[in-house]
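Close look at the chain arrangement
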Amino acid sequence: MASSLTKASPSAAHEKTFLGHPVGLATLFMTEMWERFSYYGMRALLVLYLVSGGADAATGSQGGGLAFTAATATAIYSVYVAMVYLMAMPGGWFGDRVWGARKTVAIAGIVIMAGHVSLALPGQIAFFVGLLLVALGSGLLKANISTMVGHLYKGLDDSRRDSGFTIFYIGINVGAFAAPLVIGTIGETVNWHLGFLLAAIGMGVGLVIYLLAARTLNPESSVVPNPLSPAERKAVIVKALAVLAVIAVFYGAVAAAGMFTIKWALYPITIAGLIIPVAVLVRIKRDKDLSAGEQSKMSAYIWFFVAAAVFWMIYDQGGSTLSLFGDKNSERSLLGWEVPTVVFQSLNPLFVVALAPVFAALWVVLARRNREPSTIVKFSGALVLVGFSFFLFAIPLNQTAGNDTKVTMWWLVLIFLVQTVAELCLSPVGLSVTTKMAPQKYASQMMGVWFLAVTAGDCVTGLLGLADVKLDGVGVILFQAAAAVAAGLAIYMYRKKVDALMGDTK
């Protein structure tokens, strides 16, 4: 098959199918798999590296981290994840207005690889530069590669569309599963910076695959849907330079006064991460170029956005609050082997790979019988389940509160399993419904809007960490759990209203 694709014209190549889906899905599957391998490998190490101090002779831990407190490390982690998804919005904008989706993804891969190389260098400056580059590159990539998956299917009513996004989602999780086992284990047990270097290599492999197999993608992915005029391009450059100048002057003054701490950098980003999603939704909703049908769909989309933000607020603590709890309070002996903390970050993608085909087949079977739950019902169920996972988390937390007791690691396994079932009801479905409901004018940018829900959720967690709230406190965990369940039930009560706003989108 590879040789025939090489010889075929671009149009012929992208029209080929594999297992009933466009062959370009395999290209994007592999690209995203390796990019997620690099991202989740680094992310599994992040909080542990941030809290690690000097080497511990008694335990044999390598030390060599940045020695931040757990609260600050959680805030940095949450703000970093929020930044990755916040950058998806300008990433979608670049795809729509500057480079087109295909070129934007290629540039993103190079930026991500450079970021991981920077993380592999010692020192705080190289570390934070690396985080910034990975966030920028991931933002450029995320919205556009998902948009290209949508381009592979003919029309919004293509029955393969939801199934295709679920298969694509499996690629994300294959990479996410392998990453902690390889990058995470080597980083935690051998050398942090070697782990970060392996992440750079993983991104490099994904970039090579993408460039060699780009002919299998739909030519529509190379089109710039709404290119900037020369006047608009000049205005953007001037505004960007002005913003950078203001930021440089402000932080220069703070540093000169001897007042700079990490919180001076984190607070503005976190607050912006809460304001920007709201501002973007308002701007799109008020766009007079949108038809009445598009306006109605945007009203419905706000419900999905809020639900997703609440979901990700809890879900993304798997790499921070749950990880730190597992490192400190879980008994991790398995057949005489002390399981590295990072290995638990492979549980969610493992469960996704195992269960996603089941869910994909289930939606198809139920659709044929006209019994498939609506998207809003799936979202409601996801919120209730993710809330339930934190009710479960409160049990071992209560057992270990204020003492050195360690609980079985199987609590973590159960929590991640429940969260995975919730994720499969929300995340791939959310990606699909975003491509269906996006106004044509904002095709790639709407994928960025979807990812802003993650930004909003993680920024709430980041603010709590910056305020030194004890995120692993039983009361805080129970409050988050109750909020998620209440939100899920509220959305379910309004499901008919949302379905009506969605119009012909199913």
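Higher on the page you've got the structure.
This is a predicted model, so every value here is computed, not measured.

1. Some remarks on the pattern of salt bridges
When the charged atoms of two side chains lie near each other, side chains of opposite charge can form a pair. Here the structure, examined in full by the defined rule, presents 9 salt bridges. The residue Glu232 makes a salt bridge to Arg97 at a minimum N-O spacing of 3.0 Å. Highlighted residues: Glu232 in helix α10 (residues 230-256) and Arg97 in helix α5 (residues 88-97), separated in sequence by 135 residues. Residue classification places Glu232 among the partly exposed residues on the basis of a relative accessible area of 33%. On the accessibility criterion, Arg97 (13% relative accessible area) is buried. The salt bridge partner of Asp472 is Lys470, with a shortest N-O separation of 3.1 Å.

2. Observations concerning unusual backbone geometry
Most peptide bonds adopt trans geometry, and most residues besides glycine take a negative phi value. Of note, Ala67 is a non-glycine position whose phi angle comes to about 60°, a positive value. Looking at the element boundaries, Ala67 is found in the loop between α3 (24-51) and α4 (70-86). The class of Ala67 is exposed, set by a relative accessible area of 52%.

3. Structural notes on a nonpolar patch on the surface
On the surface, Val117, Val190, Leu194, Leu197, Ile201 and Val205 cluster together into a nonpolar patch covering about 450 Å² of accessible area. Ranked by residues supplied to the nonpolar patch, first place goes to helix α9 (residues 192-212) with 4 residues. Within the element layout of this structure, Val205 appears in helix α9.

4. A closer look at α5
Burial within α5 is extensive, with 7 of its 10 residues counted as buried. Looking at α5, one finds that the buried residues are Ala88, Met89, Gly91, Gly92, Gly95, Asp96 and Arg97.

5. Topic: the nonpolar core
With 137 residues, the main nonpolar core has Leu28, Tyr80, Phe311 and Val449 as its most contacted residues. When sequence neighbours within four positions are dropped, the list of residues in contact with Val449 reads Met89, Val280, Leu281, Ile284, Tyr301 and Phe305.

6. A word on the packing of aromatic side chains
The tally for this structure, following the rule as stated, stands at 21 aromatic pairs. An angle of 80° between the planes, with centres 5.3 Å apart, marks the rings of Phe325 and Phe393 as edge-to-face. In this pair, Phe325 is assigned in helix α13 (residues 321-329) and Phe393 in helix α15 (residues 375-400), connecting sequence segments 68 residues apart. Of the two residues examined, Phe325 and Phe393, each falls in the buried class. Ring-pair connections join several aromatic residues into one group, and the members of that group are Tyr49, Phe127, Phe128, Trp192 and Phe196. Residue placement shows Lys378 over the ring face of Trp363; its charged tip is 4.0 Å from the ring centre.

7. Overview of the environment of Val339
Tracing the sequence through the fold places Val339 in the loop between β5 (337-338) and α14 (347-368). It is 10.0 Å that separates the C-alpha atoms of Val339 and Asp327, two residues lying 12 residues apart in sequence.

8. Quick look at the packing of helix α6 (residues 101-119) against helix α7 (residues 124-151)
Look at α6 against α7: their axes get within 7 Å of each other, and the N-to-C directions meet at 155°. With respect to each other, α6 and α7 are oriented roughly antiparallel. Judged by the sense of rotation from one axis to the other, the crossing of α6 with α7 is left-handed. Split by residue class, the contact of α6 with α7 holds 18 nonpolar, 8 polar and 1 charged.

The rules behind these values
- Residues numbered from 1 in each chain as written.
- Predicted model: local features only at pLDDT ≥ 70, side-chain atom pairs only at ≥ 80, totals over all residues.
- Heavy atoms only, no water.
- Salt bridge = Lys/Arg side-chain N within 4 Å of Asp/Glu carboxyl O.
- Helix = DSSP H or I, 4+ residues; strand = E, 2+ residues; numbered from the N terminus.
- Buried < 20%, exposed > 50% of the residue type's maximum accessible area, 1.4 Å probe, protein only.
- Patch = residues over 30% accessible without salt bridge, like charges linked within 9 Å, V, L, I, M, F, W, Y side chains within 5 Å.
- Areas by Shrake-Rupley, 256 points an atom, 1.4 Å probe, with all protein chains shown as cover.
- Core = buried A, V, L, I, M, F, W, Y, C linked by side-chain atoms within 4.5 Å.
- Contact = heavy atoms within 4.5 Å.
- Phe/Tyr/Trp six-rings, centres within 6.5 Å; stacked < 30°, edge-to-face > 60°.
- Lys NZ or Arg CZ within 6 Å of the ring centre and 35° of its normal.
- Axes fitted to C-alpha atoms, helices over the stretch in contact; angles between N-to-C directions.
- Parallel < 35°, antiparallel > 145°, perpendicular 65-115°, else oblique.
- Left-handed = near helix turned anticlockwise from the far one by under 90°.
- Nonpolar A, V, L, I, M, F, W, Y, C, P; charged D, E, K, R; others polar.

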